Amino acid sequence: MLSGFTGVVMSELRSNEAAQKIETNGVISEPVNKPWFCVALLPSGSIFKENTDSPASFLSTLQTASIAWIDYVVNDTDFDGHAQNVAKQLGFSQELVSALAGEWHEPYHDLDVELGIKLPSIQIIGQEVEPNPLLLLVKKNFIFTIHPLNVDRRFMRLRRYAETFLKKIPVDIVTADKVTMLLVRIIDHNNDRNFEHLRQIEEQSDNLNVFMTDPHTPREILGTEIYHMKHTLLTYLNALWNSLDVLHTLRYGDAELISDDQKLLDRLGMLSEDVNRQISLAEHMSDVMASGLEVLQSIYNNQLQNLNNRLALLMTYLTIIGTAVLIPNTIATMLGNGVFVIGPEDLGWYMALMVGSTLTGTLLVYFWIRKQGWIPRKMDK
């Protein structure tokens, strides 16, 4: 059986009383001791940054911040229920989060004073692609992101450089522009992490090709593995299409919280183009995979044809052998009838009749089969 994705991200949650760690590609990330992370640009130009167990320590900072990003890691199987509880603590309505809960039917919800977006955060575990939900809830001066803990270090790197990025946002521009700049940065980072998994799918596809070219591979296993590979790729493409749909809505949805500045809106358009390129690469990979399957099917058909030819040749020679056996048996049965009286003195002509008729009948059958073209010329020679 094919042994899972090579080079795949193997994420495993290990928890204890003090810390939780995420293991990705054999590298253990920094401990996630505290689920809340907040970074804010203050009107003075200084930066507030904190990891904490509760939002109470930075709620007052949010009221005066020029722009802020709050990230929360959900360590719970009930993602939707947990997300509603923590969003309520930051003043988001239950209507907003409930609209984004469940399936991906409504990944964008605008209530004028608050905006909700749901994007896929792709995670590969074993042979399965899991498009985990990433919620982006937007208020006037901050963005709140919520995502599961088992997503592969999704924002660990962005958390590290968040302070540097916020310093690059001018304090004196309008709030909608600040929100849009931060939103573009977060979405771009999420898209980049999603795109990294296409390389892993490609590596697994190459391993599958090696697996398929092995003549000893059981056909019943091969069919299952091909289905898993195609299902993985389709799931990945579906997640990218969801991302593209959200970006298109943001670009042309005219939300009050999103900037009207054309340059900033063009950045959203560039994100859409990036996702389109990712989709094109994934579809190209699907085409390459399909062509490889066609070549493999041709090889199998040739092998089957060769086997059929060998069986037909075997039947031809069995026919000749059967003729050689049938003729003397028929003569012996006929002359053994009581009508014919054969004694020891008839042994000579009897044996000559048996051998002559056998050779004659066998040669006649052989030349007739060869004339019909049932014996390949090379085999005949």
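One can find the structure itself at the top, above this paragraph.
A brief structural summary. Just so it is clear, the model here is predicted, and its values are computed rather than measured.

1. Some remarks on the side chain of Thr52
Residue placement: Thr52 occurs in strand S5 (residues 47–52). A polar side-chain atom of Thr52 sits 3.2 Å from the main-chain carbonyl oxygen of Ser54. Beyond its immediate chain neighbours, meaning those up to four positions away, Thr52 contacts Lys34, Pro35, Trp36, Ser57 and Phe58.

2. Points about the pairing of strand S10 (residues 142–148)
Counting buried positions along S10 gives 7 out of 7 residues, so the element sits mostly inside the fold. Burial along S10 is two-sided: Phe142, Phe144, Ile146 and Pro148 facing one way and Ile143, Thr145 and His147 facing the other are all buried. With 7 bridges connecting them, strand S6 (residues 67–74) and S10 associate as parallel partners. Bridge pairing links Val74 to Pro148 in S10. Across 4 bridges, the pairing between strand S9 (residues 128–138) and S10 is antiparallel. What sits directly across from Leu135, in S10, is Ile146.

3. Side note on helix H2 (residues 79–89)
Those residues of H2 that sit buried are Phe79, His82, Ala83, Val86 and Ala87. What you see down the axis of H2 is that its buried residues fit within an arc of 130 degrees, all on one side. Across H2 from its buried face, at more than 90 degrees, point the exposed residues Asn85 and Lys88. The inward-facing, buried residues of H2 abut strand S4 (36–41), S6, helix H3 (94–100), S9 and S10. Downstream of H2 by a residue or two, Gly91 has a phi angle that is positive, lying close to 90 degrees.

About the cut-offs
Residues numbered from 1 in each chain as written. Predicted model: local features only at pLDDT ≥ 70, side-chain atom pairs only at ≥ 80, totals over all residues. Heavy atoms only, no water. Helix = DSSP H or I, 4+ residues; strand = E, 2+ residues; numbered from the N terminus. Polar contact = N/O pair within 3.5 Å; in protein donor to acceptor, adjacent residues only side chain to side chain. Contact = heavy atoms within 4.5 Å. Buried < 20%, exposed > 50% of the residue type's maximum accessible area, 1.4 Å probe, protein only. Pairing = 2+ DSSP bridges. Arc of directions from axis to C-beta.

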